[in-house]
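Coordinate inspection notes
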Amino acid sequence: MPDVGPTAVLPRRPLTVGELLDSAVLLLRNQARVLVPLAVLLAVGEQALLHPLRMLAGARPPEWWLNPDRLGWYWLLLAVGAGTEAMIIALLGNPAARGAGAALLGRRTGARDLLHGARWGATLLAGAVVGSAVLLAGLAGPAWFVAYGLLGAVVPVLVVDRVAAYRAPGRALRLAARVGGRAAAIRLLGYLGWWLIRLGIGLGVYHGLGLLGLFDVSAWALPVATVAWTAVNAVAYPALACLDAVLHLETRMRTEGLDIRLSRAPAGTPEPALLAVPR
């Protein structure tokens, strides 16, 4: 029998918002050996991609704050940053969703289980689509929040529900809009919480080193800020991917009776078939 007690990563029942956030953290803790190294590589690439735009926008480390004389470049920087964040979280959503599915079935997973045979080609395409959609929405300003909130389930739908790649965005949108947009709202809440944590740690590291007086931190502002933001994003991005994974499965239990279906499944049913959406 799978563990369905209070310490289970994902109990087989609809969850409260607080329980969802706890489940995401538990999933991250269990899968950190896979998710965090992947997130480090992606976060380093993101910093390298954003650096030229930051220079064009006149944004200075560690805050990368607005230069009023270069508002157009700064707007583009924000949109590209939103798109890269969404894409990275989507890519990390592949192993996170596989880990969440295994946890729901009461099975522990290793690194090979999370990475082998995981539809990576379709995931890369889905990540590019999600990132592009959020980038374009970011150019329109507040529309970024709508796009980010609605597209969190695209990769979990792809790897857990086992639907065709072309159907994944449509199903993700429908799931996010159910129960008055509950899943979309929780995704935005999780992003806001981790944004505040990232902001506090990213700036705190820089200014804390300055207070210690070990070296002239202002002369090393760029490398110190880059390392600090990379490090905090390497934890925040997997955490948000884990939230997407558990939120997707919880939405299916809440609106599609996935928990009931699992309890009634015949013994010996293959694991992929247990979680896949019936055709």
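Going along each chain's sequence as written, the residues are numbered from 1 onward. Reporting in this predicted model follows two pLDDT cut-offs: at least 70 for local features of residues, and 80 or more for side-chain atom pairs to be given and counted; totals over whole chains, interfaces and linings ignore these cut-offs and use all residues. Calculation of side-chain values draws on the structure's entire complement of heavy atoms; hydrogens and water are dropped beforehand.

Observations regarding the nonpolar core
Among soluble globular proteins, nonpolar side chains are generally buried collectively. Rule in force here: Nonpolar core, defined: a set of buried Ala, Val, Leu, Ile, Met, Phe, Trp, Tyr and Cys residues in which side-chain atoms within 4.5 Å join the residues together. Under the scheme applied here, a residue whose accessible area is under 20% of the maximum for its type counts as buried, over 50% as exposed, and between as partly exposed, the area being computed with a 1.4 Å probe on protein chains only. In this description a helix means any DSSP run of H or I spanning at least four residues, a strand means any run of E spanning at least two, and both kinds are numbered starting from the N terminus.
Of all hydrophobic cores here, the largest spans 61 residues; its most connected members are Leu104, Val134 and Val246. The dominant element in this core, judged by the number of residues it contributes, is helix α8 (residues 221-256), at 12 residues. Ala57, Ala59, Tyr74 and Trp229 belong to the second-largest nonpolar core, a separate cluster that totals 12 residues.

Concerning the pattern of salt bridges
As a reminder of what qualifies: Any Lys or Arg side-chain nitrogen found within 4 Å of a carboxyl oxygen on Asp or Glu counts as a salt bridge.
Within the structure shown, the criterion is met by 10 salt bridges. The shortest N-O distance in the salt bridge between Arg171 and Asp161 comes to 2.7 Å. Remark: Asp161 occurs in the loop between α6 (154-159) and α7 (168-212) and Arg171 occurs in helix α7; sequence separation between them is 10 residues. Exposure class is identical for Arg171 and Asp161. Each is buried. For the salt bridge of Arg252 with Glu256, the shortest nitrogen-to-oxygen distance reads 3.2 Å. Remark: Glu256 and Arg252 occur in helix α8; sequence separation between them is 4 residues, near one turn of the helix. For Arg252, a relative accessible area of 2% gives the class buried. Among the residues examined, Glu256 registers a relative accessible area of 34% and is labelled partly exposed.

Structural notes on a nonpolar patch on the surface
Applicable threshold: Here a patch means residues that are over 30% exposed by relative accessible area and free of salt bridges, tied together within 9 Å if like-charged and within 5 Å if nonpolar (Val, Leu, Ile, Met, Phe, Trp, Tyr). Accessibility throughout is a Shrake-Rupley quantity obtained with a 1.4 Å probe, and a residue counts as covered only by protein chains that appear here.
A surface patch of nonpolar side chains, amounting to about 650 Å² of accessible area, comprises Trp65, Leu66, Leu71, Trp75, Leu136 and Leu139. Counting only elements with at least two residues in the nonpolar patch, the list comes to α2 (71-104) and α4 (120-139). Structurally, the position occupied by Leu139 is in helix α4. Residue class for Leu139 comes out partly exposed when judged on its relative accessible area of 38%.

Some thoughts on the confidence of the model for the protein
Basically, it comes down to this: For every residue, the predictor assigns a confidence score, pLDDT, that lies between 0 and 100. Note on definitions: a residue-residue contact is assigned when non-hydrogen atoms from the two residues lie within 4.5 Å.
Chain-level statistics for the protein give a pLDDT mean of 88 and a share of 95% at 70 or above. Scored below 50 in pLDDT, residues 1-7 makes 9 contacts in the model with residues more than four places away or belonging to other chains.

Points about the UniProt feature "transmembrane region" (unreviewed entry) in the protein
Definition in use: UniProt positions are given in the numbering used here, feature names are shortened, and annotations may be inferred rather than shown by experiment.
With numbering aligned to this structure, UniProt lists the feature "transmembrane region" (unreviewed entry) at residues 73-97, 118-139, 145-164, 185-206 and 226-247. Regarding residues 73-97, the helix share stands at 100% and the strand share at 0%, and the terminal C-alpha atoms are separated by 35 Å.

Describing the packing of α2 against α8
Basically, it comes down to this: Every axis corresponds to a line fitted to the C-alpha atoms, with the helix fit spanning only the stretch in contact, and the corresponding angles, defined between N-to-C directions, vary from 0 to 180 degrees. Note on terminology: angles under 35 degrees are roughly parallel, angles over 145 are roughly antiparallel, angles of 65 to 115 are roughly perpendicular, and the others are oblique. Should the near helix be turned anticlockwise from the far one by less than a right angle, the crossing is termed left-handed; should it be turned clockwise, right-handed. Only Asp, Glu, Lys and Arg are considered charged, only Ala, Val, Leu, Ile, Met, Phe, Trp, Tyr, Cys and Pro nonpolar, and every remaining residue, Gly among them, polar.
It is at 7 Å that the axes of α2 and α8 come closest, and there the two elements cross at 55°. By the angle between their axes, α2 is oblique relative to α8. For the crossing formed where α2 meets α8, the hand is right-handed. In this structure, α2 contributes Glu85, Ile88, Ile89, Leu92, Gly93, Ala96, Ala97, Ala100, Gly101 and Leu104 to the contact, and α8 contributes Tyr237, Pro238, Leu240, Ala241, Cys242, Asp244, Ala245, Val246, Leu249 and Met253. Along the lines of polarity and charge, the residues of the contact of α2 with α8 split into 16 nonpolar, 2 polar and 2 charged.

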